[in-house]
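# Coordinate analysis (summary)
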Amino acid sequence: MSEIALSRKLVAELLGTALLVATVVGSGIMAAKLSPDNQAVALLCNTIPTGAMLVVLISILGPVSGAHFNPAVSLVMALRREFTWQHAVYFSMAQIIGACVGSLVAHVMFGLDVMQTSATVRSSGGVWFSEVVATFVLIGAILGGLKNASAAIPWLVGLTITAAYWFTASTSFANPAVTIGRSLTNSFAGIAPASVLAFIVAQFIGAILGWLVWGWLFGDESTAHRSSS
């Protein structure tokens, strides 16, 4: 089979991230409309579509680009020498653009102002630590799947995010691109632009810790080499 062109990989990453964020934001808008007085039900209605869409997107786009949809995942794959740092930068740019487009698409679907910024401040030590944990666990699901159950990765990732919506104080963004995209919606899923940087820093810390710990646990050669040097 011939090598898939970089352009196709980038479009897959952009489209996949856009559809993921459109699902997160759109289901959040719908949830708030249907359950305006019940935050637990609204969160559940936001959770299930997100996990389900991840399974679908990773299944159909994984063979094209690897279905990262997440700069933290692309960082880990570069650390693992799965592809070049240049490609990691290109992937991250496509993911961020896709995430921003996803929020705009959700607004158009629900007849809202297309251009928005969130007023929802998410800023506390527990929330930041939650993003470290959420991203760490996500990397574990991916690396564990690559090592032991590659066919199950779509389900592993979808179920991990579904669970982490509920066991983390931050509702598990675990994705710098998604965090940026969600800053562009003043809806249930939004995050204030002032809260974005701390989230992204926490996510990259979680990703690097995940690469080190899970990579060592699963016998990743790049991690083992770094640990012994």
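Residues numbered from 1 in each chain as written. Predicted model: local features only at pLDDT ≥ 70, side-chain atom pairs only at ≥ 80, totals over all residues. Heavy atoms only, no water.

Okay, the overall build of the protein chain next. Counting its regular elements, the protein chain contains nine helices and zero strands. Along the protein chain, helices (α) and strands (β) appear in the sequence α-α-α-α-α-α-α-α-α when read from the amino end. What you see for the protein chain is a C-alpha radius of gyration of 17 Å, in line with the 17 Å of a compact globule of 229 residues. Residues counted as buried form 51% of the 229 residues belonging to the protein chain. In the protein chain, once contacts between residues fewer than 6 apart in sequence are set aside, the share between residues at least 24 apart is 75%. (Helix = DSSP H or I, 4+ residues; strand = E, 2+ residues; numbered from the N terminus. Rg over C-alpha atoms; globule rule 2.2 N^0.38 Å. Buried < 20%, exposed > 50% of the residue type's maximum accessible area, 1.4 Å probe, protein only. Contact = heavy atoms within 4.5 Å.)

Another aspect to go through is helix α4 (residues 85–109). Helix length check: α4 (25 residues) gives 36 Å between terminal C-alpha atoms against 36 Å at 1.5 Å per residue, within 8%. Every buried residue of α4 is listed here: Ala-88, Phe-91, Ser-92, Ala-94, Gln-95, Gly-98, Ala-99, Gly-102, Ser-103, Ala-106 and His-107. Turning to α4, the residues buried within the fold contact α1 (6–34), α2 (39–65), α3 (71–79) and α7 (176–182). Following α4 by one or two positions, Gly-111 adopts a phi angle in the positive range, close to 70°. (Expected span 1.5 Å × (residues − 1).)

For the pair α2 and helix α6 (residues 153–167), the least separation of the axes is 8 Å and the interaxial angle reads 165°. As summarised for this structure, α2 and α6 are arranged roughly antiparallel, according to the angle between their axes. As for the relative orientation of α2 and α6, their crossing is right-handed in sense. Contacts from Ala-40, Leu-43, Leu-44, Asn-46, Thr-47, Thr-50, Gly-51, Leu-54, Val-55, Ile-58 and Ser-59 of α2 reach α6 at Ile-153, Pro-154, Trp-155, Val-157, Gly-158, Ile-161, Thr-162, Tyr-165 and Trp-166. Broken down by class, the residue content of the contact of α2 with α6 amounts to 13 nonpolar, seven polar and no charged. (Axes fitted to C-alpha atoms, helices over the stretch in contact; angles between N-to-C directions. Parallel < 35°, antiparallel > 145°, perpendicular 65-115°, else oblique. Left-handed = near helix turned anticlockwise from the far one by under 90°. Nonpolar A, V, L, I, M, F, W, Y, C, P; charged D, E, K, R; others polar.)

Two quantities define a packed helix pair, namely the angle between the axes and the distance from one axis to the other. Between α1 and α2, whose axes approach to 8 Å, the crossing angle comes to 170°. In terms of axis orientation, α1 runs roughly antiparallel to α2. Every residue of α2 that contacts α1 at Arg-8, Lys-9, Ala-12, Glu-13, Gly-16, Leu-19, Leu-20, Thr-23, Val-24, Ser-27, Gly-28 and Ala-31 is listed here: Ala-42, Cys-45, Asn-46, Pro-49, Thr-50, Met-53, Leu-54, Leu-57, Leu-61, Val-64 and Ser-65. Counted by class, the contact of α1 with α2 contains 13 nonpolar, seven polar and three charged residues.

Time to look at the pattern of salt bridges. Per the counting criterion, the structure on display carries two salt bridges. Across the pair Glu-3 and Lys-9 runs a salt bridge, and its minimum N-O distance is 3.0 Å. Under the relative-accessibility criterion, Glu-3 is labelled exposed at 65%. Since its relative accessible area comes to 18%, Lys-9 is described here as buried. For the salt bridge of Arg-80 with Glu-82, the shortest nitrogen-to-oxygen distance reads 3.1 Å. (Salt bridge = Lys/Arg side-chain N within 4 Å of Asp/Glu carboxyl O.)

So, about the environment of Ser-35. Tracing the backbone through its elements, the reader meets Ser-35 in the loop between α1 and α2. Note on Ser-35: relative accessible area 14%, which makes it buried. C-alpha of Ser-35 to C-alpha of Cys-45: the two residues are ten residues apart in sequence and 9.1 Å apart in space. Setting aside residues no more than four positions away along its own chain, Ser-35 makes contact with Val-41 and Ala-42.

Our focus in this paragraph is α6. Taking 1.5 Å of rise per residue, the 15 residues of α6 would be expected to cover 21 Å, and the 21 Å separating its terminal C-alpha atoms lies within 8% of that figure. Taken as a whole, α6 has its buried residues at Ile-153, Pro-154, Val-157, Gly-158, Thr-160, Ile-161, Ala-164 and Tyr-165. Buried residues of α6 fall within an arc of 160° about the axis and therefore sit on the same side. Along α6, exposed side chains directed more than 90 degrees from the buried face belong to Trp-155 and Leu-159. Taken together, the buried residues of α6 touch α1, α2, α5 (125–148) and α7. (Arc of directions from axis to C-beta.)

A grouping of Leu-197, Val-201, Ile-205, Ile-208, Leu-209, Leu-212 and Val-213 is seen on the molecular surface, where their side chains present a nonpolar patch of about 560 Å² in accessible area. As for its placement among the helices and strands, Val-213 is situated in helix α8 (residues 193–217). Judged by relative accessible area, which is 38%, Val-213 ranks as partly exposed. (Patch = residues over 30% accessible without salt bridge, like charges linked within 9 Å, V, L, I, M, F, W, Y side chains within 5 Å. Areas by Shrake-Rupley, 256 points an atom, 1.4 Å probe, with all protein chains shown as cover.)

Turning next to the environment of Leu-217. Turning to its location among the elements, Leu-217 is positioned in helix α8. Put simply, Leu-217 and Leu-143 are 74 residues apart on the chain and 9.8 Å apart in space, counted from C-alpha to C-alpha.

Scope: geometric values only; no functional claims are made or implied.
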